[in-house]
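Results of the structural survey
Each chain is listed here by its residues.
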Amino acid sequence: MEKMLIHGGKKLTGEVVIGGAKNSTVALIPAAILSRTPVTLDSVPHIQDVYNLMAILGEMNVDSDFTGNILKIDPTQIKKVDLPSGKIKSMRASYYFMGAMLGRFGHAVIGLPGGDDIGPRPIDQHVKGFEALGATVVDHNGIFEINAPKEGLHGARIHLDMASVGATNNIILAAVTASGQTVIENAAREPEIIDLATFLNNMGAVIRGAGTDTLLITGVPELRAHNVHTIIPDRIEAGTYLSLAATMGEGILIKNIIAEHLDSFLAKLEEVGVMMDVNEDSIFVYPSGELRGVTLQTDTYPGIATDLQQPVTPLLLAAEGESHVIDVIYPKRTRHVDELIKMGANISVGDGQINIAHSDNLHGANVVAEEIRGGACLMVAGLMANGETVISKVDNILRGYDRVVMKLRSLGADVEIVDLPD
Ligand SMILES: CC(=O)N[C@H]1[C@@H](OP(=O)(O)OP(=O)(O)OC[C@H]2O[C@@H](n3ccc(=O)[nH]c3=O)[C@H](O)[C@@H]2O)O[C@H](CO)[C@@H](O)[C@@H]1O
Ligand SMILES: C=C(OP(=O)(O)O)C(=O)O
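This is a predicted model, so every value here is computed, not measured.

As for the sheet that holds strand 18 (residues 322-326)
What the four strands build is an open sheet, ordered 17-18-20-19; its pairing is mixed. The two strands at the open ends of the sheet, each matched to only one other strand, are strand 17 (295-297) and strand 19 (346-350). In this sheet, adjacent strand axes meet at a mean angle of 15° when their direction is disregarded.

As structure tokens, then:
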């Protein structure tokens, strides 16, 4: 089995360039099938999720070519196919094919991945949105069959019970070609939603209000791509390298960052005592001096992303005093805690929060990346720990971190992917 082998304890220096946002990319690729003309995406990250989405496109007779950072998608020969199993079950974001196929064909059969790795992830708000647009949705034990009425989808007013990123994007995908106007209230405001809306608007869609909590969508008959769309930088990848740089860096420049997307996280890093120069599209992180424990609570955007609470944990282990992490989005996102304890970390879960005490003697261990950000946390901890760390289920890291081994090695890390028995 492929594992990540780390010999930790080495100080790191140099520069790293952040890739395109995974959470934009996994929405933009399904969105491409709404176009009647070929689509070109730039700044596409080299991550397993992209390769899996390309395989799904292939099943729909949609050719794609990924060279350098450019992904070309040709949906002109697309075929309406049901996707109950296979690659579609390899990632959560497959659910975007529901909205995209509903918008393109008025019909979708999509199997969703089972098992929860960060706590419950219902899609009731996606379903509520599709139904409001006139569709019928039947759940055949995890395979969702969705059909538009004979006359096609119609605009509707939809109030989301929570500001769900996935539901907001999925409803956008279905509504852009519905007849009439759709209003999404309590919409998610994440930058990746603005990226999707920009991409669709450039193809002729009419979406107003992206980035606010109210979206107005006026349906158009069809979409056509004309321009290359450049994906926004991955703020979660950036936050992970910021945490690493503050923990183990001897001066690291992180390039291709939109600092505004990380505002609340950067403020928290400053509270910890991290010294940074925030420039127009890069951040330089100085070697850390004294670091202080803090209380960190996740929130929807512009709050601190749940996807950063695990990657920042090693930094909090390095800080003096106690830290507390409260994840209100995914309270059960704690699978990294037992693994960190194997490495000698003083960390526990209790009272609905993660309690972290200063741990200055982390040691290497055999640990498991049960999910993407838990895996990123173990990777940073492994780089910090003395001795050898072996991370299994490394595919969970590789599915969302662009060329991570190459990037870490360029900073001087001793890290490689190796084939080791379980
Ligand atoms: C591909 C992608 O973009 N993934 C991100 C997206 O996931 P995803 O879009 O799946 O997350 P949501 O924003 O939908 O989930 C937020 C919260 O709402 C709940 N909920 C959501 C939908 C629903 O129908 N019913 C419901 O109860 C979820 O259980 C969760 O507690 O946003 C999450 C929260 O920022 C991030 O951790 C993920 O990295
Ligand atoms: C949970 C995440 O991703 P996904 O929604 O793709 O599972 C994540 O990126 O942290």
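Here the narrative resumes, following the displayed structure.
Focus: the pattern of salt bridges
Considering all chains together, one arrives at 16 salt bridges under this definition. A salt bridge links Glu 370 to Lys 393; the nearest nitrogen and oxygen atoms lie 3.0 Å apart. Separated by 23 residues along the polypeptide, Glu 370 in the loop between strand 21 (366-368) and helix 12 (372-384) and Lys 393 in the loop between strand 22 (387-392) and helix 13 (395-398) bring together distant segments of the chain. Since its relative accessible area comes to 41%, Lys 393 is described here as partly exposed. One network of salt bridges, in which partners are shared, links Glu 237, Asp 402, Arg 403 and Lys 407.

A few points about the packing of aromatic side chains
All chains considered together, the criterion is met by three aromatic pairs. With 5.9 Å between their ring centres and 45° between their planes, Tyr 51 and Phe 66 make a pair best called tilted. In this pair, Tyr 51 sits in helix 2 (residues 48-59) while Phe 66 sits in strand 4 (residues 63-67), placing the two residues 15 residues apart along the sequence. For Tyr 51, a relative accessible area of 36% puts it in the partly exposed group.

Let's talk about the sheet that holds strand 5 (residues 70-74)
Pairing within the open sheet is mixed, and its four strands lie in the order 4-5-3-13. Among the strands making up the open sheet, the edge pair consists of strand 4 and strand 13 (228-230). For this sheet the average axis-to-axis angle between neighbouring strands, irrespective of direction, equals 20°. Where helix 6 (residues 191-202) meets the sheet, it contacts strand 3 (39-42) and strand 13, and its direction lies at approximately 170° from that of strand 13.

Points about the UniProt feature "binding site: phosphoenolpyruvate" (unreviewed entry) in the protein
Taken from the UniProt record, the annotation "binding site: phosphoenolpyruvate" (unreviewed entry) applies to Lys 22 and Asn 23. If you take the residues mentioned a moment ago, the ones lining the largest pocket come down to Lys 22 and Asn 23. When you line up the elements, Lys 22 lands in helix 1 (residues 22-31). Overall, Lys 22 belongs to the buried group, its relative accessible area being 8%. Excluding residues that lie within four positions of it along the chain, Lys 22 makes contacts with Ile 47, Asp 49, Asp 234, Ile 372, Arg 373, Arg 399 and Gly 400. Structurally, Asn 23 is set in helix 1.

Here's the deal with the domain arrangement of the protein
By the assigned domains, the protein splits into domain 1 (2-19 + 233-419) and domain 2 (22-221). With 22 residues of domain 1 at the interface, the matching set in domain 2 holds 20 residues. Buried surface at the junction of domain 1 and domain 2, both sides included, amounts to about 1,800 Å², of which 50% is carbon and sulfur. In terms of surface lost to domain 2, no three residues of domain 1 exceed Tyr 301, Tyr 330 and Arg 399, which account for 33% of the buried area on that side. Where domain 1 meets domain 2, there are two salt bridges. We note a salt bridge from Asp 49 to Arg 399, for which the minimum N-O separation is 2.8 Å.

Focus: the site of ligand 1
Not every one of the 19 residues close to ligand 1 is listed here, only the nearest: Gln 125, Ser 164, Val 165, Gly 166 and Asp 307. Residue Asn 23 places a side-chain N or O atom 3.1 Å away from an oxygen atom belonging to ligand 1. Contact distances for ligand 1 include 2.8 Å between a nitrogen atom and a side-chain N or O atom of Asp 124. Of all the cavities here, the one that holds ligand 1 is the largest pocket. Only helix 1, helix 4 (124-132), helix 5 (165-175) and helix 9 (306-309) provide two or more residues apiece to the shell around ligand 1. At three residues, the largest contribution of residues to the shell around ligand 1 is made by helix 4. Looking at the shell around ligand 1, its residues break down into nine nonpolar, six polar and four charged.

As for the nonpolar core
If you look at the biggest cluster of nonpolar residues, it comprises 77 residues, and the most contacted ones within it are Leu 41, Phe 97, Ile 172 and Leu 200. Not counting residues up to four positions away in its chain, the partners in contact with Phe 97 are Pro 30, Ile 33, Leu 53, Ile 56, Leu 57, Met 60, Ile 88, Leu 102, Ala 108 and Ile 110.

Re the site of ligand 2
Contacts to ligand 2 come from Lys 22, Asn 23, Arg 92, Ile 118, Arg 121, Asp 307, Arg 333, Ile 372, Arg 373 and Arg 399. At 2.7 Å from an oxygen atom of ligand 2 is found a side-chain nitrogen or oxygen belonging to Arg 373. Across the complex, the protein chains shield 91% of the 290 Å² of accessible surface that ligand 2 would expose by itself. When each cavity is represented as a set of grid points, ligand 2 is found to reside in the largest pocket. Taken together, the elements giving at least two residues each to the shell around ligand 2 come down to helix 1 and helix 12. Among the residues forming the shell around ligand 2, the class breakdown is two nonpolar, one polar and seven charged. Each of domain 1 (2-19 + 233-419) and domain 2 (22-221) gives at least three residues to the shell around ligand 2.

Describing unusual backbone geometry
With omega at 15°, the peptide bond leading from Tyr 301 into Pro 302 counts as cis. Examined against the element boundaries, Pro 302 turns out to sit in the loop between strand 17 and helix 9. Although it is not a glycine, Ser 43 adopts a positive phi angle of roughly 65°. Residue position: Ser 43 is located in the loop between strand 3 and helix 2. In this structure, Arg 403 takes a positive phi of about 40° despite not being glycine. With respect to the helices, strands and loops of the structure, Arg 403 is situated in the loop between helix 13 and helix 14 (404-410). Here Arg 403 falls in the partly exposed class, since its relative accessible area comes to 33%.

Basis of the calculations
Residues numbered from 1 in each chain as written. Chains lettered and ligands numbered in written order. Predicted model: local features only at pLDDT ≥ 70, side-chain atom pairs only at ≥ 80, totals over all residues. Heavy atoms only, no water. Pairing = 2+ DSSP bridges. Helix = DSSP H or I, 4+ residues; strand = E, 2+ residues; numbered from the N terminus. Axes fitted to C-alpha atoms, helices over the stretch in contact; angles between N-to-C directions. Salt bridge = Lys/Arg side-chain N within 4 Å of Asp/Glu carboxyl O. Buried < 20%, exposed > 50% of the residue type's maximum accessible area, 1.4 Å probe, protein only. Phe/Tyr/Trp six-rings, centres within 6.5 Å; stacked < 30°, edge-to-face > 60°. Contact = heavy atoms within 4.5 Å. UniProt positions renumbered as here; feature names shortened; annotations may be inferred. 1 Å grid on protein atoms, 1.4 Å probe; cavity = no way out; pocket = protein on both sides within 12 Å on 5 of 7 lines; lining within 4 Å. Domains from an automatic or database assignment. Buried area = accessible area lost by both parts, 1.4 Å probe. Near = heavy atom within 4 Å. Polar contact = N/O pair within 3.5 Å; in protein donor to acceptor, adjacent residues only side chain to side chain. Sits in = over half its atoms within 2 Å of the grid points. Nonpolar A, V, L, I, M, F, W, Y, C, P; charged D, E, K, R; others polar. Core = buried A, V, L, I, M, F, W, Y, C linked by side-chain atoms within 4.5 Å. Areas by Shrake-Rupley, 256 points an atom, 1.4 Å probe, with all protein chains shown as cover.

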